[in-house]
Amino acid sequence: NAGVTQTPKFQVLKTGQSMTLQCAQDMNHNSMYWYRQDPGMGLRLIYYSASEGTTDKGEVPNGYNVSRLNKREFSLRLESAAPSQTSVYFCASSVDRGPDEQYFGPGTRLTVT
Amino acid sequence: KNQVEQSPQSLIILEGKNCTLQCNYTVSPFSNLRWYKQDTGRGPVSLTIMTFSENTKSNGRYTATLDADTKQSSLHITASQLSDSASYICVVSDSSASKIIFGSGTRLSIRP
């Protein structure tokens, strides 16, 4: 039981390049989330998917898109990376949207130069 | 505005000593409060959860308290160990579950 997995662990992009961060969970959870974590700030929600087939914007969605490919997988795409998107990105999942415990992946450290 | 503020920002203590981390919140209406532990380079892991009616919850050497009237919570760590070195994050959910607010964390370092 791997829990929540993310790929890649590290990535360096040049401004304007695009990339997709991958996330998968094997706990049969309905809800999945993408967060970014910046120094001195709490985790901020980018997008979430309350259930398969639905996605909604979080607190900081600009510059990102998401796809809930199936119940297991939730990807985050940066279409045209900017230095302001340099951050650590965490994927999480929970049984349902709401106060349920969220299980986090190990994170992807992204640097945009 | 919904906010979660933690103090101190960072703390260094000697192995074996106790410490207490603080969390103040303004999230309303309140549903529950969680404390997460985040080791360096890893994702956060839940330690405790408390709802409105609970005022204390323990998980081994970790004890969380909640005062819903003053909107304050604390996490007490007893007999600290080197493995307790991590960031501790307070997370508050509102009752509609539409808002989950993360504090910026307290970075705890345990020195031998």
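Calculation notes
- Residues numbered from 1 in each chain as written.
- Chains lettered and ligands numbered in written order.
- Predicted model: local features only at pLDDT ≥ 70, side-chain atom pairs only at ≥ 80, totals over all residues.
- Heavy atoms only, no water.
- Core = buried A, V, L, I, M, F, W, Y, C linked by side-chain atoms within 4.5 Å.
- Buried < 20%, exposed > 50% of the residue type's maximum accessible area, 1.4 Å probe, protein only.
- Helix = DSSP H or I, 4+ residues; strand = E, 2+ residues; numbered from the N terminus.
- Contact = heavy atoms within 4.5 Å.
- Salt bridge = Lys/Arg side-chain N within 4 Å of Asp/Glu carboxyl O.
- Polar contact = N/O pair within 3.5 Å; in protein donor to acceptor, adjacent residues only side chain to side chain.

Draft legend 1. Molecular detail of the nonpolar core. Ranked by internal contacts, the top residues of the largest apolar core, which has 25 residues, are Val 4, Tyr 25, Leu 33, Trp 35, Leu 75, Tyr 88 and Val 92 of chain B. Counting only elements with at least two residues in this core, the list comes to strand S3 (19–25), strand S4 (30–38), strand S5 (45–51), strand S7 (62–67), strand S8 (72–77), strand S9 (86–94) and strand S11 (106–111) of chain B. Setting aside residues up to four positions removed in sequence, Leu 33 of chain B forms contacts with Cys 23, Tyr 25, Thr 48, Ile 49, Met 50, Leu 66, Ser 73, Cys 90, Val 91 and Val 92 of chain B. One finds Val 4, Leu 21, Leu 76 and Cys 91 of chain A within the second-largest nonpolar core, a separate group that totals 20 residues.

Draft legend 2. The environment of Arg 107 of chain B, seen in detail. You can see Arg 107 of chain B is positioned in strand S11. Residues Arg 107 of chain B and Ser 10 of chain B, spaced 97 residues apart in sequence, show a C-alpha to C-alpha distance of 4.5 Å.

Draft legend 3. Region of the structure containing the pattern of salt bridges. Tallied over the entire structure, the rule returns 6 salt bridges over all chains. Residue Lys 37 of chain B is joined to Asp 39 of chain B by a salt bridge in which the shortest nitrogen-to-oxygen separation is 3.9 Å. Two residues, Glu 54 of chain B and Lys 57 of chain B, come together in a salt bridge whose shortest N-O distance is 3.3 Å. Its relative accessible area of 26% is what places Glu 54 of chain B among the partly exposed residues. In the salt-bridge network here, residues are joined through shared partners; they are Arg 36, Asp 38 and Arg 44 of chain A.

Draft legend 4. Here's a closer look at the side chain of Ser 46 of chain B. Tracing the backbone through its elements, the reader meets Ser 46 of chain B in strand S5. By relative accessible area, Ser 46 of chain B is classed as buried at 16%. In terms of polar contacts, Ser 46 of chain B uses its side chain to reach the side chain of Arg 34 of chain B, at 3.1 Å. With residues near it in sequence (within four places) discarded, Ser 46 of chain B still touches Glu 101 of chain A together with Arg 34, Trp 35 and Tyr 36 of chain B.

Keep in mind these numbers describe shape, not what the thing actually does.
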